[in-house]
Amino acid sequence: MERNEGETMKVDIVVIGGGASGLAAALSAKSDSNSVLVLEREAVLGGILNQCIHNGFGLHVFREELTGPEYASRFIEKFTEANIDYKLDTTVLSIEKPEDCFNIEAYNTEDGALTIEAKAVILSSGCYERTRGQIKLPGARVKGIMPAGSAQRYLNIDGYLVGKDVFILGSGDIGLIMARRMTLEGAKVHGVAEIMPYSNGLTRNIVQCLHDYDIPLYLSHTVTDIKGDNALESITIQEVDKDFKPIPGTEKMFDVDTLLLSVGLVPDTMVFETLDIELSEITKGAIVDHTYQSNIPGLFACGNALHVHDLVDWVTIESEKAGKSAKHYADDALKETRRLLTIEPLNGIRYTVPQFVDVNNFEAPITIMFRVTNKYDVGTFTVKQGDTIIQQKKARFIAPAEMESLMIKPDQLIDQTTPITIELEVKS
Amino acid sequence: MIDFTIIGGGVIGTLIARELSKYNVSILLLEKENDIGNHATLANSAIVHSGHDPKPGSLKAQLCVRGNSLYESLSKELKIPLIFSGAFVMARDTDEVETLEMLYQRAIQNGVKQVALLDPEEARKQEPNMADGILKVLDLPTTKVTYPWEIAIAALQNAQENGAQYRLNAKVTKITPLEEGFEIEINEDERINTQYVINAAGVYADELGKFVEQEMPYKITPRRGEYYVLDKKVKGFVERVLYPVPSEKGKGVLVVPQVHGNILLGPTSEFQDEKENRDNHSDHLHWIKRDSEKLAKNIPFDLIIRTFSGLRATSTYSDFYIQPAKAYPQFIHVAGIDSPGLTAAPAIAEYVVNTLLNADETFTKKKDFNPFRTKKKPFHESTLEEKIALILDDRRYGNIVCKCERVTEAEVVEAIHSAVSSPTVKGIKKRVRAGSGLCQGGYCENTVVKLIARELKIPLTEVEYYEKNTAILWKETKVKR
């Protein structure tokens, strides 16, 4: 692509982020009739998978167990074969949509300032980690407190350990994986504290990363004090009551130089800021219909930039759909006027993605992904329109950490106006 | 022999250094930390108060109003961000309305311009998110907000451009009065001689004062203030600084829009004995939430990205203590500088140099004093055309290191090698804001660490977060051949 500094590039579909989500979306968005450009801020494609060197990826998509980089490389190969344009080390700083097209401003050292005009945009920029400030952790503000994913990057990409005596707050999957990883590299992991009465990670990670290495998991516990002179010296954890208030007398102190935080991930929607996009208060990502289109026509979102997933396999499947929709949009094959039918989470369901069905474009079966609010052994998910049950599904080992899904076919709808509801029934 | 030794590199010490650099004198500023602007200067509300609060006739009142009037030119000369926010003081009950009317009179007496009392309906038109149940509002249009640590950095850089010198990691461990001037011991192993000493050591001012005073005229009683920072997405939630009616504990918890779009909530006010403890307490953070809700409704607390706390160098003396030592007129205490210290800072520098030292009579003025600091416009504030030009000149402007605050590699590298530099992760953050945004360095810290190592030609394991012994990485894991 020859161009002069400051000259505008024209592309049909721009994909922001070249990780698991962006690669899958770009692959399905590409056709003979349209051009696709992937913008990736890192020096390599693959996104966060590159630092996830543990196995467990691909069980659903490939029916085999791959490491993160292996999973990524399967898509990078296909992507390269498909001859899709991409730019590495390139950061998008703004997206605007003055009229029918999007204007994207991105930067790298080679092209300088890139201004791109695109018909459709797929946001697949992943997520960021919640920080100490966001969870309002009390105590001394010292060096040695870091999100678990940042420590993972230092260890797996750069080859450096951040500390030797480690405690982990939060039982999210990255924290659990890092407990094992740092142990294997010679650090002592003193424990993992989780404020909830159950873990927020996958069960297999609790077993394979904590139990197998005798790392204690303190459920219903949180960090209530941090001490140190410039650098972290010790932390105190305390048991919490039902209202998450620390219970006096339950203090346990650990002499550690590192506190890793695995306290949640948030979709990175920062580049949206200049657009008037509707975001969900729960997922913190865009509110989308089943084509993964947001309230801004031509703007699609998928992967962890839409809502945080526990398995990359679901990211791939979701992003392929978003990519396909963007292709249809660019080809004018998606009906422009949307007619939105709400999918409402009721009892026991925290959120759904998508949040709407666009009945004008509802021709094939769609998957609704959702998370529950609490942990149960067995339960039944019921999908209704008004009082009419349109689908039911029994499930075992239901937990907020594990994403659930349901499929709905167009002919299951009783009408095109009554909102769809999903609820969870459990036997007490 | 050095003419002036200034102890302490906060806004006070650095602005005094700059004021003195207008004269033909030698100046050395000593800072015990590895960066300047590290304590009260780093952790405060960033407000340039109008001067409605201090008691008429006090030095605080005089220097606050004067300081406020100096900020506009200071911000132009030193290229410091300054927003003309204005402020509302809000009364919730009849007692508070009475106090507010008293403050209105006091503001006029102190010489504050454009003050007015507003009815709540009128005030709400200008601040729709103001809390319900407010009975009366004191409007203070001259209140402004600035960026405190950049003042210290800029003032010292400008002083340096005009001949002043400074040293970091230089803790004064002893001061001995000599027949002529003083001997200052640094880090217990080095001695220098100086004619004058300016004691601008913040919470440690009383400990240094003891070397020259038989009986200390003041004691520093640190008063901690804790804060929340809201992400810049909150920009526009309020335009003005919102104050409650002050109490005996101070100005109370405020809602303060910041120059980069963030909002600060705080501070709390708790006396403590320790001079280093800047912890956050869950209870105190809760108070901030409770009290800020009395000022504004629908505060988006879910946009909190950081907590911090700082110590005010409150003293037992009822006013700023800016006086020569009893027996040594060439030792000047600039102590007890709590609120409105930031506002007063440029006026304090002027007062010390012009009034106490009578510099115009005692020293000769430099003919070539340059009041302007050299500073490039930040990349993110540039137009597209300017950005293209910057990148054509230096490709590293095309590498966005910090996505949240839009900071480029060129700017980080420049900060590492800048005149008043502190090449640590936080030192860079203080200068170019890499890591100040929503992800709090989750993404850019890794790159900043590598850039510091590359530019200083040091191993990654030697790159520090901030103070001593704060290397971010412990050890390399890969087996080396």
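Structure first, text after, so check above.
Calculation rules
- Residues numbered from 1 in each chain as written.
- Chains lettered and ligands numbered in written order.
- Predicted model: local features only at pLDDT ≥ 70, side-chain atom pairs only at ≥ 80, totals over all residues.
- Heavy atoms only, no water.
- Contact = heavy atoms within 4.5 Å.
- Buried area = accessible area lost by both parts, 1.4 Å probe.
- Salt bridge = Lys/Arg side-chain N within 4 Å of Asp/Glu carboxyl O.
- Polar contact = N/O pair within 3.5 Å; in protein donor to acceptor, adjacent residues only side chain to side chain.
- Helix = DSSP H or I, 4+ residues; strand = E, 2+ residues; numbered from the N terminus.
- Nonpolar A, V, L, I, M, F, W, Y, C, P; charged D, E, K, R; others polar.
- Pairing = 2+ DSSP bridges.
- Buried < 20%, exposed > 50% of the residue type's maximum accessible area, 1.4 Å probe, protein only.

Draft legend 1. Broad picture of the interface of chain A and chain B. The partner chain B presents 53 residues to the 47 residues of chain A that form the contact. Here chain A and chain B share an interface that buries about 4,500 Å² over both sides, 56% of which is from carbon and sulfur atoms. Contact with chain B buries area across many residues of chain A, yet Leu93, Arg141 and Tyr160 of chain A alone supply 16% of it, more than any other trio. Applying the counting rule to chain A against chain B returns four salt bridges. A salt bridge links Asp158 of chain A to Lys450 of chain B, with the shortest nitrogen-to-oxygen separation between them at 2.7 Å. In this structure, the connection of chain A to chain B is made through 18 residue pairs in polar contact (both at pLDDT 80 or more). At six residues, the largest contribution of residues to the side of chain A that touches chain B is made by helix α3 (residues 148-158) of chain A. Residues that form the side of chain A that touches chain B fall into these classes: 17 nonpolar, 14 polar and 16 charged. Direction of pairing for strand β11 (residues 160-161) of chain A relative to strand β23 (residues 475-476) of chain B: antiparallel, over a ladder of two bridges. Bridge pairing in β23 of chain B links Leu161 of chain A to Lys475 of chain B.

Draft legend 2. Geometry of unusual backbone geometry. In this chain, Val353 of chain A is followed by Pro354 of chain A through a cis amide linkage whose omega measures 0°. That bond from Ser339 of chain B to Pro340 of chain B is cis: its omega, 0°, falls within 30 degrees of zero. The residue Pro340 of chain B is located in the loop between β20 (331-335) and α8 (341-356) in this model. One non-glycine residue, Lys284 of chain A, lies in the positive phi region at around 70°. By the secondary structure assignment, Lys284 of chain A is in the loop between β19 (265-267) and β20 (299-301). Residue classification places Lys284 of chain A among the partly exposed residues on the basis of a relative accessible area of 34%. Positioned with a positive phi, Asn187 of chain B is a non-glycine residue whose angle comes to about 50°. Along the chain, the position of Asn187 of chain B falls in the loop between β11 (182-186) and β12 (190-199).

That is the geometry; function is a separate question.
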